[in-house]
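Each chain, letter by letter, is given below.
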Amino acid sequence: YQRRVHGRSIGSFTSANVLSMKLEVTATAANVKKVDPDAYGVTKRDGWCKIVLGGQEQKTKEDPGKLDPTWEESFTFDVTDAVEQKLECSFFLGEIQLGTTATFNLDGLKKGISTYKGMAVPGGKVDFQLKALDFGKEEEEKEGEEEEDWMSFI
């Protein structure tokens, strides 16, 4: 069947793959060098992220003493409803959460294509890559259309 959101197709799904949709989330890095740890009560400068989707929770490793941690860690989540489910990401220094939990929609992802998502936190940002492994919009090939010449608009 075809899933639609606000009249737009978000991809074709069969009953066989609705229950087996997978999302890959890569937590790449953070840079919060401009944060004043003392102002937030931070005593342990070990940056890490918590990533949650539909009751599934993953955590990156802690990067000891760093206000610019690099993780490059990938996690795979089961997705049951790409329209309704939201990915939630939180950033911590030690046990203190900096900023609010960011929420990302899944219905705009393209199948097999990594999509950058940034999360603003006090003093900087956290970077993620989201990839719908077996769901989402697919690139449609245009049959019968030749590539337009760059001068065709004249």
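Residues numbered from 1 in each chain as written. Predicted model: local features only at pLDDT ≥ 70, side-chain atom pairs only at ≥ 80, totals over all residues. Heavy atoms only, no water.

Quick word on the overall build of the protein
Secondary structure assignment for the protein yields one helix and ten strands. Each of the 154 residues in the protein was classed as buried or not, and the buried ones make up 38%. Looking at the protein as shown, the accessible area adds up to about 9200 Å², and 46% of this sits on carbon and sulfur atoms. (Helix = DSSP H or I, 4+ residues; strand = E, 2+ residues; numbered from the N terminus. Buried < 20%, exposed > 50% of the residue type's maximum accessible area, 1.4 Å probe, protein only. Areas by Shrake-Rupley, 256 points an atom, 1.4 Å probe, with all protein chains shown as cover.)

Re the pairing of strand E6 (residues 70–79)
Of the two faces of E6, only one is covered, namely that formed by Trp-71, Glu-73, Phe-75, Phe-77 and Val-79; the face formed by Thr-70, Glu-72, Ser-74, Thr-76 and Asp-78 stays uncovered. As defined by bridge partners, strand E3 (residues 21–31) adjoins E6 across eight bridges and the pair is classed as antiparallel. Across the sheet, the residue bridging to Thr-26 is Ser-74, located in E6. (Pairing = 2+ DSSP bridges.)

Digging into the nonpolar core
Formed by 33 residues in total, the largest nonpolar core has its most connected members in Leu-23, Leu-87, Phe-91 and Phe-128. Taken together, the elements giving at least two residues each to this core come down to E3, strand E4 (47–53), E6, strand E7 (86–93), strand E8 (96–105), strand E9 (114–121) and strand E10 (124–132). Ranked by the residues each element gives to this core, the list is headed by E3, at five residues. (Core = buried A, V, L, I, M, F, W, Y, C linked by side-chain atoms within 4.5 Å.)

Considering the environment of Met-21
Relative to the assigned elements, Met-21 resides in strand E3. Note: C-alpha distance between Met-21 and Asp-78 (57 residues apart in sequence) is 5.9 Å.

Examining the state of the cysteines
Working definition of a disulfide: a covalent bond connecting the sulfur atoms of two cysteines. Applying the stated rule across the entire model yields zero disulfides. Considering cysteine sulfurs only, Cys-89 is the nearest to Cys-49, which forms no disulfide, with 6.9 Å between them. The buried category is assigned to Cys-49, whose relative accessible area is 0%. Cys-89 gets classed as buried once you look at its relative accessible area, which sits at 0%. (Disulfide = S-S within 2.5 Å.)

As for the sheet that holds E8
Here we have four strands laid out as an open sheet, ordered E5-E4-E7-E8, and antiparallel in their pairing. At either end of the open sheet lies a strand with only one pairing partner, and these are strand E5 (56–59) and E8. The mean angle between the axes of side-by-side strands here comes to 15 degrees, regardless of whether they run parallel or antiparallel. Where E4 lies against E7, six bridges are found, and the strand directions are antiparallel. (Axes fitted to C-alpha atoms, helices over the stretch in contact; angles between N-to-C directions.)

Regarding the sheet that holds E6
One open sheet holds the four strands; their spatial order is E6-E3-E10-E9, and the pairing between them is antiparallel. A strand with exactly one partner marks an edge of an open sheet, and here the two such strands are E6 and E9. Strand after strand, the sheet turns through a mean of 25 degrees between neighbouring axes, direction not considered. By the bridge criterion, eight bridges tie E3 to E10 in an arrangement that is antiparallel. When the sheet's bridge partners are listed, Ala-27 is paired in E10 with Phe-128.

A closer look at the pattern of salt bridges
By the definition in use, this model includes eight salt bridges. Two residues, Asp-78 and Lys-22, come together in a salt bridge whose shortest N-O distance is 2.2 Å. Of this pair, Asp-78 sits in strand E6 while Lys-22 is found in strand E3, placing the two residues 56 residues apart along the sequence. Asp-78 sits in the partly exposed class, given a relative accessible area of 34%. In this structure Lys-22 comes out as partly exposed when scored by relative accessible area, which is 31%. Between Asp-127 and Lys-125 there is a salt bridge, and its shortest N-O distance comes to 2.8 Å. Residue Asp-127 is classed as buried on the basis of its relative accessible area, which comes to 15%. Taking relative accessible area as the criterion, Lys-125 reaches 39% and is therefore assigned partly exposed. Counted as one network, the salt bridges with shared partners bring together Lys-44, Asp-46 and Glu-62. (Salt bridge = Lys/Arg side-chain N within 4 Å of Asp/Glu carboxyl O.)

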